[in-house]
Amino acid sequence: MVQLDTICALATPQGVGAIGVIRVSGEQTLAIVNKIFKGKDLTKVESHTIHFGTIRDYTDNTKGKIIDEVLLSVFKTPRSFTKEDVIEISCHGSDYIIRYILKLLIQNGCHMAKPGEFTQRAFLNGQFDLVQAEAVADLIAADSEAAHKTALNQMRGGFSTQLKILREELVHFASLVELELDFGEEDVEFAGREDLRQLILKIQNFLKKLIDSFDAGNVIKEGIPVAIIGPPNAGKSTLLNILLNEEKAIVTEIAGTTRDVIEDILFIGGMKFRIIDTAGIRETKDVVETIGIERSKQAMEKAEIVILLFENEIDQLFLANTFADIVKDKEVIWVRNKIDLYSTAAAASPNPLLEGEGLKKLPSPSGRGVGGEEGVTSEKVKSAFNIVSTNLLKKARELRRNSTETEKILWELLRDRLLGGKKFRRQHPLEENYILDFYCDECKLGIEIDGVHHGNETQKKYDKARTTDIEFIYGIKILRFTNEEVLRNIEKVLETITESFSAAAASSPPTPLLEGGEGSESVVEAVKPSPSRRGLGEVYSTIHISAKNNIGIEDLKNTILAKSKLKKQSDTMLTNLRHYEHLIKAHDALSEVLNGLSSGITGDFLAQDIRLSLYHLGEITGQITTDDLLANIFSKFCIGK
Ligand SMILES: Nc1nc2c(ncn2[C@@H]2O[C@H](COP(=O)(O)OP(=O)(O)OP(=O)(O)O)[C@@H](O)[C@H]2O)c(=O)[nH]1
Ligand SMILES: [Mg+2]
């Protein structure tokens, strides 16, 4: 172990608090603290024990002036964070006491720790590698569940363990190639070239995945950008304010109020989002407004999720035509605002989507519950009506309101055509006493979630017979999943469902993509997707809100969250620019090795390229470091960490 001075620092934040924790680490820890502590002899206590006593100043007083009553947590080498002897002094959190104790520690031989010095020592003493050490800083800074998960994963080994194993394999090859060089003229080959090529491809594959995860990883750390785009006066700023629950942006009835991009952080379900309000988009000669509009477009380009906000069909059409290209690769949410102006019924309903459209053109009052939340043409409502009784509809509606947790989870992933663009309904009534949990008409696919009671033999037989009947009579394929499968292996469940889509596509002609929006045939007609408009294919699943009256906002939040989950994410994600740069360099250097291998260059050149790759891989995990690098990394930590 590297022997260094004994250091001390306040580990809790500066300022007054109930308690403050001072951390001491180093070879002299026990001896130094012993000199100012009255209680047990710390050199004789066990590791991982806590001791009550007093901190005393013996400078001018042989009995010692009592400074504070404290608890000491003792961690003996090597079973501590730094692997050195560590004591954490929990004292009362007054500035005066803390300063006094630190002064006493320094008088007795401690040094004040530099930022990150405790973590640096942990690294130098082999507690963890550099990636893990850096993740400690990320963990402290994590302000959302997702950022926390990523940092924790990295701190616990994440990708660096795997990277180290691959690097070791490469080191092995490198030494074989170097060995060949010793034999000079003899033309021997210790390192199998094909094996080396396979290994490099394997490493590159691994690096590539990490490199690709950088954007998603950073987005999680910084917040997923969500741009609110729409014509002037659509209510964008009002929406921003209601989402943030504060008067962040100025709202007026004057079109063109917002001239610049305004943004703030919003947390939904443990995810961090950056909600961005923009200047309304329209033709204008006003110079300032033009600049604002340009910025709106830039904001939209940078956003991952775009909320296209409109008040009426003309505006919606304008948005559809103007932004088809920009939003192609974005998650788009169409939102119609100011529904309070259109229908008093809708305004009174806390959730207009669940209660039917509430707008001018409801197909029929009784048809509301049949086809699910949105996008049901009156034809379909009618045909569904022929086979289901009113009682059954009531029951379906009841079930929909009282969905089980598992159903809710799956619904979040199926709704709004989130899965493969297919429209699903939930609690779809099929016939007397039979309601499918989820149903996709386009694919003739039913999904049933089986609760605990489906495990017994009689029920299983019944389910099987029922499935066969339905498949036979209605031509509907039924997929059954257990609660357990949905909760524990949702990826597999979604995969199975998606596979059934392709089966359905192979056996039946595709149905038109648009089924009708909010009962406004003209819009639906006008924005029917052409190949160039594929990004806007979700025009039909419009969310209806009143930003001013806080209607439909929860629905919108849920949709934002669901859309964010569609973005590529994995547990192992790269969030650190330093790692990113070295991974790219390592990847490039490995490509050079591959080139060398295919052109049959000599061992000495090959060895040189491998060494360069090893260097970059080693710099990531800290197997190769320089003092400057370490100083730079750890200076970003807070003191006491
Ligand atoms: N009735 C009604 N009025 C609304 C609603 N949302 C916004 N408004 C009103 O619409 C007007 C414009 O709202 P803003 O939020 O400033 O609209 P904006 O889209 O930010 O407009 P610009 O910044 O000019 O592009 C204001 O008078 C709001 O009070 C709503 O849900 N219902
Ligand atoms: Mg505005």
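Residues numbered from 1 in each chain as written. Chains lettered and ligands numbered in written order. Predicted model: local features only at pLDDT ≥ 70, side-chain atom pairs only at ≥ 80, totals over all residues. Heavy atoms only, no water.

Trainee: Summarise the site of ligand 1; cite the residues concerned and give the values.
Mentor: By nearness alone, 23 residues border ligand 1, and Lys236, Thr238, Gly256, Thr257 and Thr258 come closest of all. One of the side-chain nitrogen or oxygen atoms of Lys236 is found 2.7 Å away from an oxygen atom of ligand 1. For ligand 1, an oxygen atom lies 3.0 Å from a polar atom in the side chain of Lys338. In the complex, 92% of the free accessible area of ligand 1, which totals 650 Å², lies under the protein chains. Counted by class, the shell around ligand 1 contains seven nonpolar, eleven polar and five charged residues. (Near = heavy atom within 4 Å. Polar contact = N/O pair within 3.5 Å; in protein donor to acceptor, adjacent residues only side chain to side chain. Areas by Shrake-Rupley, 256 points an atom, 1.4 Å probe, with all protein chains shown as cover. Nonpolar A, V, L, I, M, F, W, Y, C, P; charged D, E, K, R; others polar.)

Trainee: Give a detailed account of the pattern of salt bridges, specifying residues and quantitative values.
Mentor: In total, this model carries 21 salt bridges according to the counting rule given. A salt bridge links Lys208 to Asp212; the nearest nitrogen and oxygen atoms lie 3.0 Å apart. A residue pair is termed a helical-turn pair when its members lie 3 or 4 positions apart in one helix, as Lys208 and Asp212 do in helix 7 (residues 193-222) at four residues. (Salt bridge = Lys/Arg side-chain N within 4 Å of Asp/Glu carboxyl O. Helix = DSSP H or I, 4+ residues; strand = E, 2+ residues; numbered from the N terminus.)

Trainee: Any details on the coordination of the magnesium ion (ligand 2)? Residues and values, ideally.
Mentor: Those protein atoms acting as donors to the magnesium ion (ligand 2) are Ser237 (OG) and Thr258 (OG1), and they sit at 1.9 to 2.0 Å. Placement of Ser237 in helix 8 (residues 236-244) and of Thr258 in the loop between helix 8 and strand 9 (262-268) is noted, with a sequence separation of 21 residues between them. For the pair Ser237 and Thr258, one class covers both residues: buried. (Donors = N, O, S within 2.8 Å, 3.2 Å for Na, K, Ca; no water. Buried < 20%, exposed > 50% of the residue type's maximum accessible area, 1.4 Å probe, protein only.)

Trainee: Outline unusual backbone geometry, listing residues and values.
Mentor: Comment: phi is negative for the bulk of residues other than glycine, and the bulk of peptide bonds are trans. The linkage connecting Thr77 with the following residue, Pro78, adopts the cis geometry, with an omega of 0 degrees. Along the polypeptide, Pro78 turns up in the loop between strand 5 (65-75) and strand 6 (86-93). Its identity is not glycine, yet Lys338 carries a phi of approximately 65 degrees, on the positive side. By the element assignment, Lys338 lies in the loop between strand 12 (331-336) and helix 11 (344-348). A residue is classified by how much of its surface remains accessible, and Lys338, at 21% relative accessible area, is partly exposed. Although it is not a glycine, Asn550 adopts a positive phi angle of roughly 55 degrees. Judged by its relative accessible area of 48%, Asn550 is partly exposed.

Trainee: Just give me the short version of the sheet that holds strand 11 (residues 305-310), but keep the residues and values in it.
Mentor: The strand order across the open sheet built from six strands is 9-10-8-11-12-17, with neighbouring strands paired in mixed fashion. Strands with a single pairing partner mark the edges of an open sheet, and in this sheet they are strand 9 and strand 17 (543-544). Across the face of the sheet, helix 7 comes into contact with strand 8 (224-229), strand 9 and strand 10 (271-277) while running at roughly 80 degrees to strand 10. (Pairing = 2+ DSSP bridges. Contact = heavy atoms within 4.5 Å. Axes fitted to C-alpha atoms, helices over the stretch in contact; angles between N-to-C directions.)

Trainee: Before we move on, could you go through the nonpolar core and cite the residues and values that matter?
Mentor: In this structure, Leu239, Phe273 and Ile560 are the most contacted members of the largest nonpolar core, which totals 31 residues. Residue assignment places this core across two domains, with domain 2 (135-215 + 573-634) and domain 3 (221-345 + 516-566) each supplying three or more. The contacts of Ile560, once residues within four sequence positions are left out, are Val226, Ile268, Phe273, Ile305, Ile307 and Ile333. Listed in part, the 30 residues of the second largest apolar core include Phe173, Leu199, Leu594 and Ile610. (Core = buried A, V, L, I, M, F, W, Y, C linked by side-chain atoms within 4.5 Å. Domains from an automatic or database assignment.)

Trainee: An account of the sheet that holds strand 2 (residues 17-25) is needed here, citing residue identities and associated values.
Mentor: Strand order in the open sheet made by the seven strands is 3-4-5-6-2-1-7, with mixed pairing throughout. The open sheet is flanked by strand 3 (37-38) and strand 7 (111-112), the only strands paired with a single partner. With five bridges connecting them, strand 5 and strand 6 associate as antiparallel partners. Residue pairing across strands places Ser73 opposite Glu88, the latter belonging to strand 6. Strands in contact with helix 2 (residues 95-107) are strand 1 (7-10), strand 2, strand 4 (49-57), strand 5, strand 6 and strand 7; relative to strand 6, the strand with the most contacts, it is inclined by about 150 degrees.

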